[in-house]
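Listed below are the residues making up each chain.
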Amino acid sequence: MVGESRGVGEGNAPNLNGGGRDVEMVNSHGLCGGTPTTGFMAGSPFGPTDPRGTFEAGGVMRVTFKITAYHAGWVEFRLAVPEDGGIDKSIPITQDLLNQHVLEIDDTTPYYDSVIDYASVAGDVKCRITGSQAHVDSTASQSASDTWPKGSCCNGDGDCSPPSENRDRYVIERSPDSPELGVYGVTEYVAVLKVPPGVVCDRCVLQWYYQTANSPSGYPEGFWNCADIAIRPAGEAGPFGCAKADGSPDAEAPPDSDPNDDPASGGPPTGYIGFCATTWAEYGENAPATCMPCNDAADCPAGRSCWGETWCTSSTKCGETADCGGAPAPSPSCGPATEQVTCAATPQECSGFTAACEAWCGDTCTASSTCGVEDPAYSSMLKNECSCDCSGCGNDTPISLSCFEPDTTPPPSASPSPSPPPSPSPPSASPSPPPGPQADEACAELRRVVEFICPASTD
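The structure presented is a predicted model; accordingly, all values stated were derived computationally and were not measured.

**Student:** Please explain the overall build of the protein chain as it appears in this structure.
**Tutor:** For the protein chain, the count of helices and strands is 4 helices and 17 strands. Taken across its 459 residues, the protein chain has 44% of its residues classed as buried. Considering only intrachain contacts with a sequence separation of at least 6, the fraction spanning at least 24 residues in the protein chain is 69%. Surface exposure of the protein chain reaches about 22,800 Å², of which carbon and sulfur atoms provide 52%.

See below:
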């Protein structure tokens, strides 16, 4: 998959972005991040899950999220309630479902008066029209963009509050916890959201959307992610908060425990899948950063995630040099190798991709690859896909990745028509104009920059 690996690890399942320097491509991302065909929607490996939180209709839910690359701006939350209550995980949500519930921010949110202060945001990063009710924002600059990411208040998606009376945009640049622009690191935010009254579901989808504001008078980047939650009728007994739908808490090791000391785990891990996340202050200003191999966040210092790759210096990733921790230890015995298939910048022979696929799947998994497949989500693009079947060593999780490249195959020539019978020659016609140039297709790289954290318990 473009910009993402499918290895195990918290760092490999944050949302991906659409937009950026160019207006987002048609179908460039799913409603929960990633791409529509291989992202985090129904039918994909990172698609719907059992509810990770249970909340009360008409109550509140406390959500914690982290920004790993601060770009100012604000966050919006939407709730999709499937028609069947979310029982069937194979049915994807739609933007129309999300637009039915733009969630308001409760006044118990930390720094509430500051983080809802949308009115004071610079006019050259705000839209002139907000929400489906077309609220006019007189503070928006005429130089502001006329085009906005789909699924946002600026694009008219959902009944958003008037800009002067903002109740649903969490303005991270007004939070005292936010850094200055250009200072990178992990920043954690807490928002308390109002659960709509009368909504009941076995599995609703909570969508998180981040609209950046670091490009004045320009088209912003947008980032999406989702979490599956359950909502119970008002007055029903709890527990509520970050717990499964049956009321049992999510399984986590105690904060002071070391998973390597647990004899039931089969001893220490045989390898690592990546490195603990590093911050700009470590790999930029005080490089090189300390590169710590990990299998999950439990192997990392408090507040750090385990990522498939992270930076050691501003130009070198952990594991690439001896000064940066060397290469991570071999992957666990059942699964792809640590090395990832690299998508070539130019079209490559299928034999080269197949060889890279076999090397990635390693000796314990069976590799299969396809080349040059048309993908309806990307016109004029061909997809090379690599899949690893690791069921033979006990891993039944589907593992695959895809690379996209431009379709350079010339269109087929039309078959010649049979010659008509002789007839008088008509007057000479004016020469036909040459065909217009075909629009080039651009493929925007998707990058992970945020992760969604399950709502914390509010017993």
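**Student:** Would you mind going over the environment of Pro-288 with me for this structure?
**Tutor:** In this structure, Pro-288 sits in the loop between helix H3 (280-285) and strand S12 (293-294). The class for Pro-288 is partly exposed, based on a relative accessible area of 45%. For Pro-288 and Gly-325, which are 37 residues apart along the polypeptide, the C-alpha to C-alpha distance reads 9.9 Å. In this view, Pro-288 contacts Glu-282, Cys-312, Thr-313 and Asp-323; residues no more than four positions away in its chain are not counted.

**Student:** It is not clear to me how the pattern of salt bridges should be interpreted in this structure. Could you clarify?
**Tutor:** Opposite charge on two side chains makes pairing possible when the charged atoms of those side chains draw close. Scanning all chains against the criterion turns up 10 salt bridges. Between Arg-167 and Glu-104 there is a salt bridge, and its shortest N-O distance comes to 3.2 Å. On the criterion of sequence distance, the pair formed by Arg-167 in the loop between strand S6 (135-136) and strand S7 (169-171) and Glu-104 in the loop between helix H1 (95-99) and helix H2 (112-115) is long-range, its members being 63 residues apart. A salt bridge links Arg-203 to Asp-228, with the shortest nitrogen-to-oxygen separation between them at 3.0 Å. With Arg-203 in strand S9 (residues 201-211) and Asp-228 in strand S10 (residues 222-232), this pair connects stretches of sequence that are 25 residues apart. Taking the relative accessible area as the measure of exposure, Arg-203 reaches 3% and is therefore buried. Connected through salt bridges with shared partners, the residues Glu-104, Arg-167 and Lys-194 form a single ionic network.

**Student:** Just checking my understanding: could you explain helix H4 (residues 350-361) for this structure?
**Tutor:** For H4, which comprises 12 residues, the first-to-last C-alpha distance of 16 Å matches the rise-based estimate of 16 Å (1.5 Å per residue) to within 8%. All buried positions along H4 are accounted for by Phe-353, Cys-357, Trp-360 and Cys-361. Take H4 and look down its axis: the buried residues cluster within an arc of 90 degrees, on one side only. Pointing more than 90 degrees away from the buried face of H4 are the exposed residues Ser-351 and Ala-359. Positioned one or two residues after H4, Gly-362 has a phi angle of 75 degrees, which is positive.

**Student:** What is the right way to read the confidence of the model for the protein chain from this model?
**Tutor:** Predicted coordinates in areas of low pLDDT are best not read in detail. Residues of the protein chain with pLDDT of at least 70 account for 66%, and the chain-wide mean is 74. When the criterion is pLDDT under 50, residues 327-332 qualifies, and its contacts beyond four places in sequence or with other chains add up to 20 contacts. This stretch, residues 427-459, has a pLDDT under 50; its non-local contacts, to residues over four places away or in other chains, come to 73 contacts.

**Student:** Sorry if this is basic, but what is going on with the state of the cysteines here?
**Tutor:** Here is the idea: a disulfide is a covalent bond, and it sits between the sulfur atoms of two cysteines. With the rule as written, the count across this model stands at 10 disulfides. The disulfide partner of Cys-32 is Cys-226, and the gap between their sulfur atoms is 2.0 Å. A torsion of -85 degrees about the S-S bond marks the disulfide between Cys-32 and Cys-226 as left-handed. In this pair, Cys-32 sits in the loop between strand S1 (17-18) and strand S2 (54-56) while Cys-226 sits in strand S10, placing the two residues 194 residues apart along the sequence. When sorted by exposure, Cys-32 lands in the same class as Cys-226, which is buried. The residue that forms a disulfide with Cys-350 is Cys-371, at a sulfur-sulfur distance of 2.2 Å. In this structure the cystine formed by Cys-350 and Cys-371 twists about its S-S bond by roughly 75 degrees; its chirality is therefore right-handed. You can see Cys-350 sitting in helix H4 and its partner Cys-371 sitting in strand S14 (residues 366-375), a full 21 residues away along the chain. Residue Cys-371 is classed as partly exposed on the basis of its relative accessible area, which comes to 25%.

**Student:** In this structure, what is going on with unusual backbone geometry? I would like to understand it.
**Tutor:** Most peptide bonds adopt trans geometry, and most residues besides glycine take a negative phi value. Positive phi outside glycine occurs at Ala-134, with the angle close to 55 degrees. Along the chain, the position of Ala-134 falls in the loop between strand S5 (129-130) and S6.

**Student:** Looking at this structure, I do not really get the nonpolar core. What am I missing?
**Tutor:** Generally speaking, soluble globular proteins have nonpolar side chains that are buried together. Core analysis: the biggest nonpolar cluster contains 41 residues, and Phe-65 and Phe-77 have the highest contact counts within it. Of all the secondary structure elements, the ones that give two or more residues to this core are strand S3 (60-67), strand S4 (74-80), H2, S7, strand S8 (187-194), S9 and S10. Counting residues per element, this core draws most heavily on S9, which supplies 5 residues. If you look at the next biggest cluster of nonpolar residues, it comprises 11 residues, including Phe-353, Cys-357, Cys-361 and Cys-390.

**Student:** Got a minute to help me understand the packing of aromatic side chains in this structure?
**Tutor:** Each pair of aromatic rings is reported with the distance of its centres and the angle of its planes. Applying the stated criterion across every chain, the model contains 9 aromatic pairs. Summarising the aromatic geometry, the rings of Trp-74 and Tyr-118 are spaced 5.1 Å apart at their centres and angled 90 degrees between planes, so their arrangement reads as edge-to-face. Here Tyr-118 lies in the loop between H2 and S5 and Trp-74 lies in strand S4, a separation of 44 residues in the sequence. Judged by centre distance (6.2 Å) and plane angle (80 degrees), the rings of Tyr-170 and Tyr-189 are edge-to-face.

**Student:** For this particular structure, what's the right way to read the side chain of Thr-187?
**Tutor:** Tracing the backbone shows Thr-187 in strand S8. Residue Thr-187 is classed as buried on the basis of its relative accessible area, which comes to 9%.

Calculation criteria
- Throughout this document, residue positions are counted from 1 along each chain, in the order its sequence is written.
- Two thresholds apply to this predicted model, a pLDDT of at least 70 for residue-level local features and 80 or more for giving and counting side-chain atom pairs, whereas whole-chain, interface and lining totals are computed over all residues.
- To get the side-chain values, take all heavy atoms of the structure and skip hydrogens and water.
- Every helix listed is a DSSP run of H or I at least four residues long, and every strand listed is a run of E at least two residues long, numbered separately from the N terminus.
- Buried residues are those whose accessible area, probed at 1.4 Å on protein chains only, stays under 20% of the maximum for their type, while exposed residues exceed 50% and partly exposed ones sit between those limits.
- Residue contacts are defined here by distance: any two heavy atoms, one from each residue, within 4.5 Å place the two residues in contact.
- Here the Shrake-Rupley method, with its probe set to 1.4 Å, supplies the accessible areas, and only the displayed protein chains count as covering residues.
- Whenever Lys or Arg places a side-chain nitrogen within 4 Å of a carboxyl oxygen from Asp or Glu, that contact is recorded as a salt bridge.
- A helix is expected to reach a length of 1.5 Å times the quantity of its residues less one.
- The reported arc concerns the directions from the helix axis to the C-beta atoms and nothing else.
- Per-residue confidence from the prediction method is given by pLDDT, with values spanning 0 to 100.
- Here, the term disulfide refers to a pair of cysteine sulfur atoms separated by no more than 2.5 Å.
- Here the nonpolar core consists of buried residues drawn from Ala, Val, Leu, Ile, Met, Phe, Trp, Tyr and Cys, with membership extended through side-chain atoms lying within 4.5 Å.
- Two aromatic rings, drawn from Phe, Tyr or Trp (for Trp, its six-membered ring), form a pair once their centres lie within 6.5 Å of each other, and the interplanar angle then sorts them: stacked below 30 degrees, edge-to-face above 60, tilted otherwise.

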